[in-house]
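Here is what each chain is made of, one letter per residue.
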Amino acid sequence: MINDNQAVYVDHVIKDWNREELEAGALEKVKGADLSALTPFDIKGIRIASPVARPTKLICIGLNYARHAAESGMTPPPEPVIFMKAPDCLIGPNDDIVIPPGSEKTDYEVEICVVIGKRALYLKSPEEAREHILGFTISQDVSERYWQVERGGQWVKGKSFPTFNPVGPWIITADEMKNEQNVRVWCEIDGEMRQDSNTSDMIFGISHCVWYLSQVMELMPGDIINTGTPQGVGMGFKPEKFLKGGEVVRTGIDGIGVLTSHVKKHS
């Protein structure tokens, strides 16, 4: 990435940003390559895929913002709430969100997203966890609340519909992120600002979440962690404000960028 409008191809250095390439030192290879002679191209009008290809896991932290827990009528959890999404629901930053058949409670959730850079298991501390983070990107954790909440069981049911996780548009590497615990996160629907908060409202910090997850599963390079959403989700309004189809969802994090998703009904 040259800037927000231009990039260069590095496929002569690595095949893709995926687990295999990351385990083989993809970031170090790209950082060490001489890219100065490459011709930048304009990315406007080009479809951009998810910045990570085929992650092993797509992990989520629930109820991780104090004011979101309050709007949900729930007590802040004593430990991180963990659930999964099917990795197949991952899409690019400007791809369409498709509402499932019959859904009346499809919701939006802006989240700062962690990409794991190297294997992490039984880490000793949150400070050590920072060394295993490749970088940060934006996630739109779309949720179908009827299947998530009213049908019982695990939240994964309301989280894994196709197209339910736009991610991107690119990864800001860990060394470029000055302080991920003081970053504005926001989401607007058809120009109406619905979510506007800061990662400082997190109950469990990002490094803490990575450390905690490593106690119960092995994190692999390319794994994606959605770290929670702030207040202002559709189900938090009275009356509720769910996606119906036809909306434009803009999901942003200061210092990273913006996702723009058009919402469509399943045909």
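To be clear, the structure that these remarks concern was listed above.
Values in this document were obtained by computation on a predicted structure and should not be read as measured data.

Description of the state of the cysteines
By definition, a disulfide links two cysteine residues through a covalent bond between their sulfur atoms. If you walk through the whole model with that rule in mind, you get 0 disulfides. Cysteine 113 forms no disulfide, and the closest cysteine sulfur to it belongs to cysteine 60, at a distance of 8.9 Å. Not engaged in a disulfide, the cysteine cysteine 209 finds its nearest cysteine sulfur in cysteine 60; these two sulfurs lie 11 Å apart.

Brief notes about the environment of alanine 7
Tracing the sequence through the fold places alanine 7 in strand 1 (residues 6-7). Taking the C-alpha atoms as reference points, alanine 7 and glutamate 150, separated by 143 residues in sequence, lie 44 Å from one another.

Looking at the sheet that holds strand 16 (residues 257-265)
Pairing in this open sheet of 5 strands is mixed, and the strands run 6-16-15-12-13 from one edge to the other. Edge positions in the sheet fall to strand 6 (97-99) and strand 13 (192-198), since each has one partner strand and no second. Each strand axis lies, on average, 20 degrees off the axis of its neighbour in the sheet, ignoring direction. Examined bridge by bridge, strand 6 and strand 16 share 3 bridges and lie parallel to one another. By the bridge assignment, valine 98 is partnered in strand 16 with lysine 264.

Side note on the sheet that holds strand 8 (residues 110-116)
Spatially, the 7 strands line up as an open sheet ordered 4-3-14-8-9-11-5, and their pairing is mixed. Every other strand in the sheet has two partners, leaving strand 4 (81-85) and strand 5 (90-91) as the edge strands with one partner each. Two elements, strand 3 (residues 58-62) and strand 14 (residues 224-226), share 3 bridges in a ladder whose sense is parallel. Note on strand 14: the bridge partner recorded for leucine 58 is isoleucine 224.

A few points about the pairing of strand 8
Buried residues dominate strand 8, accounting for 7 of its 7 residues. Judged by which residues are buried, strand 8 turns out to be covered on both faces: Val110, Ile112, Val114 and Ile116 on one side and Glu111, Cys113 and Val115 on the other are all buried. Pairing analysis gives 7 bridges linking strand 8 to strand 9 (residues 133-140), with the strands arranged antiparallel. Bridging from a neighbouring strand, valine 110 pairs with glutamine 140 of strand 9. Bridge count between strand 8 and strand 14: 3 bridges; the pairing is antiparallel. Across the sheet, valine 115 pairs through a bridge with isoleucine 224, a residue of strand 14.

Focus on the packing of aromatic side chains
Scanning the entire structure with this criterion turns up 5 aromatic pairs. Both rings, one in tyrosine 9 and one in phenylalanine 41, keep their centres 4.4 Å apart while their planes meet at 20 degrees; by these two values the pair is stacked. A residue pair is termed long-range when its members are at least 10 positions apart, and tyrosine 9 in the loop between strand 1 and helix 1 (19-23) and phenylalanine 41 in strand 2 (residues 41-42) qualify at 32 residues. Given a relative accessible area of 54%, tyrosine 9 falls into the exposed group. Ring geometry for phenylalanine 83 versus tryptophan 155: centroids 5.3 Å apart, planes at 70 degrees, classification edge-to-face. Residue phenylalanine 83 is located in strand 4, and its partner tryptophan 155 is located in the loop between helix 5 (145-150) and strand 11 (165-173); the two are separated by 72 residues in the primary sequence. Taking the relative accessible area as the measure of exposure, phenylalanine 83 reaches 7% and is therefore buried.

Side note on the environment of glutamate 111
Inspection of the secondary structure puts glutamate 111 in strand 8. On the basis of relative accessibility, which here comes to 2%, the residue glutamate 111 falls in the buried class. Distance from glutamate 111 to alanine 70, taken between C-alpha atoms, is 17 Å for residues 41 residues apart in sequence. In contact with glutamate 111, other than residues within four places in its own chain, are Thr137, Ile138, Ser139, Asp141, Asn226, Thr227, Gly228, Thr229 and Ile253. A distance of 3.4 Å separates a polar atom in the side chain of glutamate 111 from the backbone nitrogen of threonine 227. Looking at glutamate 111, its side chain comes within polar contact range of the main-chain nitrogen of glycine 228, at 2.7 Å.

Basis of the calculations
- Residues numbered from 1 in each chain as written.
- Predicted model: local features only at pLDDT ≥ 70, side-chain atom pairs only at ≥ 80, totals over all residues.
- Heavy atoms only, no water.
- Disulfide = S-S within 2.5 Å.
- Helix = DSSP H or I, 4+ residues; strand = E, 2+ residues; numbered from the N terminus.
- Pairing = 2+ DSSP bridges.
- Axes fitted to C-alpha atoms, helices over the stretch in contact; angles between N-to-C directions.
- Buried < 20%, exposed > 50% of the residue type's maximum accessible area, 1.4 Å probe, protein only.
- Phe/Tyr/Trp six-rings, centres within 6.5 Å; stacked < 30°, edge-to-face > 60°.
- Contact = heavy atoms within 4.5 Å.
- Polar contact = N/O pair within 3.5 Å; in protein donor to acceptor, adjacent residues only side chain to side chain.

Any functional reading would require information that these geometric values do not contain.
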